[in-house]
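# Coordinate analysis (summary)
Residues per chain, in single letters:
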Amino acid sequence: MRMQLATWPEVESYLARSRAVILPIGSTEQHGPTGLIGTDALCAEAVAWQVGERLSTLVAPTLAVGMAQHHMRFPGSMTLRPSTLLAVVRDCLLSLVRHGFARVLVINGHGGNSATLQAAFAETQMELDALAPRPELRTRLLNWWELPEVDRLSAELFGEAIGSHATPPEVALTWALHPERADPRPLEPRRAPSSPFFGADDFRRRFPDGRIGSDPSVASPETGRRILAAAVDEIAQAAERFFSAE
Ligand code: NI
């Protein structure tokens, strides 16, 4: 159930039976020459929407712009500075708490958001600590591609081609959602280079086409459907445990 497609009386009656909500967050950044700019947000929200349907849990609007500073030498990328992202997430959490939501599962599609998300959770808890009575809030962060079963299936389907940016699992998932955008042409070099990098200029110099260590040409809509199904299964189980925990 998507919050954006609900009315306020529907959210009010939902809150009478559940205090759980899912918040998808992604990024708006280049994903190599064949991957979509919206990949991280598209993946996070696709997983979130299906988990929300399965568990009859509300899904808040996707935060589609994240912390993507190191992608800014590629057109189309957009970034929030970490302090802005922290403030956006804190204000969104406080908005949800104000209505009585007390369990917020954040489904994240971009590794570069993780540290700031954890900082935003801590900042929000400190702000709530100053209130009396103290509103209840539990948060949980899940990076959809890092779960054991998704990881295992990714390794089985793509092996050495995964790499660490513009990876076949995330690219395949977006192609499952938008098969008309699937572009599995071979890239040169087949597997992108991989190394540490230091900021946006250095990123573009080391990884001229935007990929890191990956070969997204092995992705397909079909493998994307399998990855999506695995992610939804695994996150739905984790979400159920989180939402019903003592
Ligand atoms: Ni990504």
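For the structure, see preceding data.
The structure reproduced in this document is the subject of the present report. (Residues numbered from 1 in each chain as written. Predicted model: local features only at pLDDT ≥ 70, side-chain atom pairs only at ≥ 80, totals over all residues. Heavy atoms only, no water.)

What follows covers the coordination of the nickel ion. At this site the nickel ion is bound by His-31 (NE2), Asp-40 (OD) and Glu-170 (OE), with donor distances of 1.9 to 2.2 Å. Donor residues for the nickel ion sit on one chain with the sequence pattern H-x8-D-x129-E. Here His-31 and Asp-40 have matching classes, each one buried. (Donors = N, O, S within 2.8 Å, 3.2 Å for Na, K, Ca; no water. Buried < 20%, exposed > 50% of the residue type's maximum accessible area, 1.4 Å probe, protein only.)

Time to look at helix α5 (residues 148–158). Looking only at α5, the buried set comprises Val-150, Leu-153, Ser-154 and Phe-158. Viewed along the axis of α5, the buried residues span an arc of 105 degrees, placing them on a single side of the element. Among the structural elements, α6 (168–177) and α8 (221–244) are those in contact with the buried residues of α5. Looking one or two residues beyond α5, the residue adopting positive phi is Gly-159, at roughly 50 degrees. (Helix = DSSP H or I, 4+ residues; strand = E, 2+ residues; numbered from the N terminus. Arc of directions from axis to C-beta. Contact = heavy atoms within 4.5 Å.)

Attention now moves to the sheet that holds strand β2 (residues 58–59). Pairing in this open sheet of 4 strands is parallel, and the strands run β2-β1-β3-β4 from one edge to the other. Across the chains shown, the open sheet's two edge strands, defined by having one partner strand only, are β2 and β4 (138–143). With 2 bridges connecting them, strand β1 (residues 20–25) and β2 associate as parallel partners. In the strand pairing of β2, Ile-22 is matched with Val-59. Contacting β1, β3 (103–108) and β4, helix α4 (residues 114–129) crosses the sheet at an angle of about 175 degrees to β4. (Pairing = 2+ DSSP bridges. Axes fitted to C-alpha atoms, helices over the stretch in contact; angles between N-to-C directions.)

This next bit is on the packing of aromatic side chains. In the structure shown here, the tally under the stated rule is 7 aromatic pairs. Between the aromatic rings of Phe-203 and Phe-207, the centroid separation amounts to 5.1 Å while the plane-to-plane angle is 75 degrees, which identifies the pairing as edge-to-face. What makes Phe-203 buried here is its relative accessible area of 0%. Taken together, a centroid distance of 5.5 Å and an interplanar angle of 45 degrees make the contact between Phe-242 and Phe-243 tilted. Among the aromatic side chains, those forming a connected cluster through ring pairs are Phe-74, Phe-197, Phe-203 and Phe-207. Directly above the ring of Trp-49 sits Arg-2, whose terminal nitrogen or CZ lies 3.8 Å from the centroid. (Phe/Tyr/Trp six-rings, centres within 6.5 Å; stacked < 30°, edge-to-face > 60°. Lys NZ or Arg CZ within 6 Å of the ring centre and 35° of its normal.)

This part covers the packing of helix α2 (residues 39–55) against α8. Contact geometry of α2 with α8 gives a least axis separation of 9 Å together with a crossing angle of 55 degrees. By the angle between their directions, the pair α2 and α8 is classed as oblique. Viewed along their axes, α2 and α8 form a crossing whose handedness is right-handed. Only Leu-228, Ala-231, Val-232, Asp-233, Ile-235, Ala-236, Ala-239, Glu-240 and Phe-243 of α8 make contact with α2, whose side of the interface consists of Ala-46, Val-47, Gln-50, Val-51, Arg-54 and Leu-55. (Parallel < 35°, antiparallel > 145°, perpendicular 65-115°, else oblique. Left-handed = near helix turned anticlockwise from the far one by under 90°.)

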